[in-house]
Amino acid sequence: MKINKTLIIITILIGLACLTIGNNITIARTKSDLITINEILQKQENVTINEWSLHARERLENVTSIEDAKAYQSELKTVFPNGDWVETKNQQSWQAKMVLKSSGQTEESIILTTSLTTDNVQSYIMYEVRGKKLADKEMKRLDMEINKKISDIFRGKPTIFSCIKGEFSDKMNETLPYKVNHLLDAFQAKKVEALEEDDFISTSAYTPLFEERIDNSEKEMNVQIGLRTQDMGGKTTFVVGTPIITIEY
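Parameters and conventions
Residues numbered from 1 in each chain as written. Predicted model: local features only at pLDDT ≥ 70, side-chain atom pairs only at ≥ 80, totals over all residues. Heavy atoms only, no water. Helix = DSSP H or I, 4+ residues; strand = E, 2+ residues; numbered from the N terminus. Buried < 20%, exposed > 50% of the residue type's maximum accessible area, 1.4 Å probe, protein only. Arc of directions from axis to C-beta. Contact = heavy atoms within 4.5 Å. Phe/Tyr/Trp six-rings, centres within 6.5 Å; stacked < 30°, edge-to-face > 60°. Salt bridge = Lys/Arg side-chain N within 4 Å of Asp/Glu carboxyl O. Core = buried A, V, L, I, M, F, W, Y, C linked by side-chain atoms within 4.5 Å. Axes fitted to C-alpha atoms, helices over the stretch in contact; angles between N-to-C directions. Parallel < 35°, antiparallel > 145°, perpendicular 65-115°, else oblique. Nonpolar A, V, L, I, M, F, W, Y, C, P; charged D, E, K, R; others polar. pLDDT = per-residue confidence, 0-100.

Asks: Can you explain unusual backbone geometry? Please cite residues and give values.
Replies: Residues Thr242 and Pro243 are joined by a peptide bond in cis, for which omega reads -5°. In this structure, Pro243 sits in the segment after strand 12 (236–242). Here the phi dihedral of Asn46 falls at roughly 60°; this positive angle occurs in a residue that is not glycine. Within the secondary structure, Asn46 is located in the loop between helix 2 (33–42) and strand 1 (47–59). Relative accessible area serves as the criterion here: at 29%, Asn46 is assigned to the partly exposed category. Not every positive phi belongs to a glycine, and Gln188 is a case in point at roughly 50°. Relative to the helices and strands, Gln188 is located in the loop between helix 5 (176–186) and strand 7 (190–196).

Printed below as a string of structure tokens:
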């Protein structure tokens with residue numbers, strides 16, 4: 001009886017531990033990388049956020065023809081019945097794009113594409129959303145809406161690229177390397193590699209703050225920071241992206 005009671009107690013403790021770990025993981029993942037970037041940048045002095053973007057992409061393993069792609073498109077039409085689709089086709093690919101929302105603040109679109117030039121046909125589904133600066137409450141509300149759409153659009157787990165673009169104020173007269181190191185410290189990131197010029201720096205790094213990551217020359221990285229000075233004594237713009245930057249800078 002004592003052995004049985006001990007086994008029962010151990011089983012209960014293990015179950016509670018697993019439940020606690022599971023809950024911690026769920027809590028940790030309720031905040032998207034885009035929200036994390038926004039919150040960290042909002043805390044920095046002399047920094048202005050101008051725009052942000054999120055790009056989600058998944059390869060569709062079972063979509064091997066235009067017919068398969070159109071069947072997937074039909075499924076999306078039932079979920080998003082108010083969208084207008086525009087289809088284009090050439091010798092290289094077939095593509096269908098639907099703009100979900102286009103306004104002064106945000107623009108959203110779904111893109112379904114199938115290649116026609118290789119023996120092994122490749123198809124991708126992509127979701128893109130971009131917008132201007134938003135307050136924390138608005139960003140969190142938008143984040144919930146984005147997560148809902150990602151759940152509706154994708155069949156598996158897409159790769160998500162999050163970027164925020166902004167600029168340093170004229171009050172910061174420090175050099176580009178100083179500003180890069182300032183942002184690396186803010187994101188608890190360790191530099192992996194960098195490209196440096198007189199008016200431009202691009203740095204790849206790794207931080208424990210983000211889920212998405214890629215392997216680059218056997219070195220793990222999941223954040224890129226790009227800075228550019230417009231002219232001599234002009235403003236300095238920056239882009240922070242995870243796992244890589246996907247917008248122009």
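Asks: Lay out helix 5 with the relevant residues and their values.
Replies: Those residues of helix 5 lying buried are Leu176, Lys179, Val180, Leu183, Leu184 and Ala186. Along the axis of helix 5, the buried positions cluster into a sector of 160°, meaning they face one direction only. Taken together, the buried residues of helix 5 touch helix 2, strand 6 (159–168), strand 7, strand 8 (200–206), strand 11 (223–229) and strand 12. One or two positions beyond helix 5, positive phi appears at Gln188, with a value near 50°.

Asks: Could you give me a rundown of the packing of aromatic side chains, with the residues and numbers involved?
Replies: Here the structure, examined in full by the defined rule, presents 2 aromatic pairs. Here the aromatic rings of Phe168 and Phe238 are separated by 5.4 Å at their centres, their planes lie at 55°, and the arrangement is tilted. Here Phe238 lies in strand 12 and Phe168 lies in strand 6, a separation of 70 residues in the sequence. Here Phe168 and Phe238 have matching classes, each one buried. Aromatic pair Phe187 and Phe210: ring centres 6.1 Å apart, planes at 45°, arrangement tilted.

Asks: Describe the pattern of salt bridges, with residues and values.
Replies: A full pass over the atoms with the stated rule returns 6 salt bridges. The closest approach of N and O atoms between Lys148 and Asp152, which form a salt bridge, is 2.7 Å. With Lys148 and Asp152 both in helix 4 (residues 136–153) and 4 residues apart, this pair spans about one turn of that helix. One salt bridge in this structure joins Glu220 and Arg213, with 3.7 Å as the shortest N-O distance. Taking the relative accessible area as the measure of exposure, Glu220 reaches 35% and is therefore partly exposed.

Asks: I'd love a proper account of the nonpolar core, names of residues and values included.
Replies: Counting 50 residues, the largest nonpolar core has Leu41, Trp52, Ile110, Ile125, Tyr127 and Phe187 as its most contacted members. Not counting residues within four places of it along the chain, the set of residues in contact with Tyr127 comprises Leu54, His55, Ala56, Leu100, Glu108, Ser109, Ile110, Ile146, Lys149, Ile150, Ile153 and Phe154.

Asks: Which residues make up the packing of helix 2 against helix 4, and what are the values?
Replies: Each pair of packed helices can be described by the angle between their axes along with the distance between the axes. For the pair helix 2 and helix 4, interaxial distance at closest approach is 10 Å and the crossing angle is 170°. With respect to helix 4, the axis of helix 2 lies roughly antiparallel. Contact residues: Leu34, Ile35, Asn38, Glu39 and Gln42 in helix 2; Asp136, Met139, Lys140 and Asp143 in helix 4. For the contact of helix 2 with helix 4, the per-class residue count stands at 3 nonpolar, 2 polar and 4 charged.

Asks: Would you mind going over the environment of Ile245 in detail, with residue names and values included?
Replies: The residue Ile245 is located in the segment after strand 12 in this model. Overall, the relative accessible area of 12% leaves Ile245 in the buried class. Expressed as a C-alpha distance, the spacing of Ile245 and Phe161, which sit 84 residues apart in the sequence, is 7.5 Å. Ignoring sequence-local partners within four residues, the contact set of Ile245 consists of Cys163, Gln224, Ile225, Gly226 and Val239.

Asks: Help me get a handle on the side chain of Ser123, residues and values and all.
Replies: Structurally, Ser123 is set in strand 5 (residues 123–132). Its relative accessible area of 0% is what places Ser123 among the buried residues. Beyond its immediate chain neighbours, meaning those up to four positions away, Ser123 contacts Glu58, Arg59, Leu60, Val63, Thr113 and Thr114.

Asks: Account for the confidence of the model for the chain, with residues named and values stated.
Replies: Detailed reading of the predicted model is not advised wherever pLDDT is low. When pLDDT is averaged along the chain, the result is 83; 82% of the residues meet or exceed 70. This model gives residues 1–29 a pLDDT under 50, and the stretch forms 1 contact once residues within four places in sequence are excluded.

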